[in-house]
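# Structure at a glance
Chain residues, written in single-letter form:
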Amino acid sequence: MPRHLTKISDLSKEEILRIIEGARNIKAHPLAYAERLKNKTLLMLFEKPSLRTRVSFEVGMTQMGGHAIFYSVADSPLGKKESIEDTAKVLSRFVDVVMARVNTRKTVQELAANSAIPIINALDDFAHPCQMLCDLQTIVEKRGTLEGLKMAYCGDLHNNVTYDLMRSAAVMGFDMSVAGPSGPGFEVEPEVLEECQRLCAVSGGHVRVCATSQEACRGVDVIYADSWMSYGISKDQLQERINRFMPFQINEALLQVAKPDVIFMNCLPAARGMEQTAGVIDGPHSIVFDQAENRLHAQKSLLLFLLGQPLLD
């Protein structure tokens, strides 16, 4: 049976650490992997646009001797002319691995359930596991370890990145505090909270929802932000969302309640003056561009892992 990555908790702690180690080795010795995926093909399905996702996966396949095909489903929606089940079965006959950046978790789940090759979720409405791997790699690079880590996320809690950050903490056994507006359409889905509770019981991690950013960020090693206007949110909602989210903006004063060497992360794209101030994202605590670069290395390691290739040269 193929391995799929639909959310970060599809991987064990040990597997995540292996992929991170592989990513760091690939980053240090890229030429050692120049033919590792020779004659392998990745199909990239896009319902949502993305700069980092397309470029990092396509460059990653090229650098390892493989080939990547970009396919936009804007003119041929998944599940319309042909069922997703049939699409998955056909693609399994053509390519070696599929990356899907889609609107809903249902699409990813149906692809994985019917595919004979690995399916990688490159973002849906429920998870963003590729981002998690590069985030964890970057934290290890900056901090040396994930052990004892305390992280805070402030902003949109009804969000794929938030959900997988919480799952990451629950799998890896570190502390994660999140804070954002409450009310319908803004809160963490109960399914995610229940999953994190189960995972924390095994790993020893802690995941909690806080009422304020100050409570979430007190004494943490990492503060994380994401866009307040994710894909699919109407511009008509902009002012309302600014009003709801502004109390959870990451600013210089909020950094002061964290540890002195706190690092700031954002999966990008970022809007200065919204989820964070310009002084934060362009300041000395920010590692957002190192974080973005690691999408390339972490995804190369992930591709090798899912295709059964050795991760270390």
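Residues numbered from 1 in each chain as written. Predicted model: local features only at pLDDT ≥ 70, side-chain atom pairs only at ≥ 80, totals over all residues. Heavy atoms only, no water.

Another aspect to go through is the side chain of Asn-121. Residue position: Asn-121 is located in strand S4 (residues 119–121). Overall, Asn-121 belongs to the buried group, its relative accessible area being 0%. Here the side chain of Asn-121 touches Thr-6 through a polar contact of 2.8 Å, landing on its backbone oxygen. A polar contact of 3.1 Å, which involves the side chain of Asn-121, links it to the side chain of Asp-124. (Helix = DSSP H or I, 4+ residues; strand = E, 2+ residues; numbered from the N terminus. Buried < 20%, exposed > 50% of the residue type's maximum accessible area, 1.4 Å probe, protein only. Polar contact = N/O pair within 3.5 Å; in protein donor to acceptor, adjacent residues only side chain to side chain.)

Summed over the entire model, instances satisfying the criterion amount to 16 salt bridges. Across the pair Glu-15 and Arg-3 runs a salt bridge, and its minimum N-O distance is 2.8 Å. Note that Glu-15 is positioned in helix H1 (residues 13–28) and Arg-3 in the segment before H1, a separation of 12 residues in sequence. The closest approach of N and O atoms between Lys-7 and Glu-195, which form a salt bridge, is 3.2 Å. (Salt bridge = Lys/Arg side-chain N within 4 Å of Asp/Glu carboxyl O.)

What follows covers the nonpolar core. With 63 residues, the main nonpolar core has Ile-16, Leu-42, Phe-57, Ile-120, Leu-133 and Leu-303 as its most contacted residues. Tallying contributions element by element places helix H6 (residues 160–172) first for this core, with eight residues. If sequence neighbours within four positions are ignored, Ile-120 has contacts with Leu-5, Phe-57, Val-97, Val-98, Met-99, Ala-100, Cys-130, Leu-302, Leu-303 and Leu-306. Core analysis: the next-biggest nonpolar cluster, separate from the first, contains 20 residues, Cys-154, Ala-179, Cys-217 and Leu-254 among them. (Core = buried A, V, L, I, M, F, W, Y, C linked by side-chain atoms within 4.5 Å. Contact = heavy atoms within 4.5 Å.)

With that out of the way, let us pick up the sheet that holds S4. A sheet is described by the order of its strands in space; here four strands give the open sequence S2-S1-S3-S4, paired in parallel fashion. Each of the sheet's edge strands pairs with one partner strand only, and the pair in question is strand S2 (67–72) and S4. Going from strand to strand, the sheet's axes swing by 20° on average, the running direction of each strand aside. Relative to S4, strand S3 (residues 97–101) is paired through three bridges, and the arrangement is parallel. Residue pairing across strands places Met-99 opposite Ile-120, the latter belonging to S4. (Pairing = 2+ DSSP bridges. Axes fitted to C-alpha atoms, helices over the stretch in contact; angles between N-to-C directions.)

For the rest of this paragraph, the subject is the packing of aromatic side chains. Within this structure, the stated rule accounts for five aromatic pairs. Look at Tyr-153 and Tyr-224: their rings are 6.2 Å apart centre to centre, the planes differ by 40°, and that puts the pair in the tilted class. One end of the pair, Tyr-153, is in strand S5 (residues 150–154); the other, Tyr-224, is in strand S8 (residues 222–225), with 71 residues separating them in the sequence. Side by side, Tyr-153 and Tyr-224 carry an identical accessibility label, which is buried. Ring plane angle 65° and centroid distance 5.8 Å describe the contact between Phe-186 and Phe-245, whose orientation is recorded as edge-to-face. Residue Phe-186 is located in the loop between strand S6 (175–179) and helix H7 (190–203), and its partner Phe-245 is located in helix H9 (residues 238–245); the two are separated by 59 residues in the primary sequence. For the residue pair Phe-186 and Phe-245, the accessibility class agrees, reading buried in each case. These aromatic residues form a ring-pair network of at least three members: Phe-186, Trp-228 and Phe-245. The ring of Phe-126 carries the charged tip of Arg-167 above its face, separated from the ring centre by 4.4 Å. One Lys or Arg, Arg-244, reaches over the ring of Phe-186 and ends 4.3 Å from the middle of that ring. (Phe/Tyr/Trp six-rings, centres within 6.5 Å; stacked < 30°, edge-to-face > 60°. Lys NZ or Arg CZ within 6 Å of the ring centre and 35° of its normal.)

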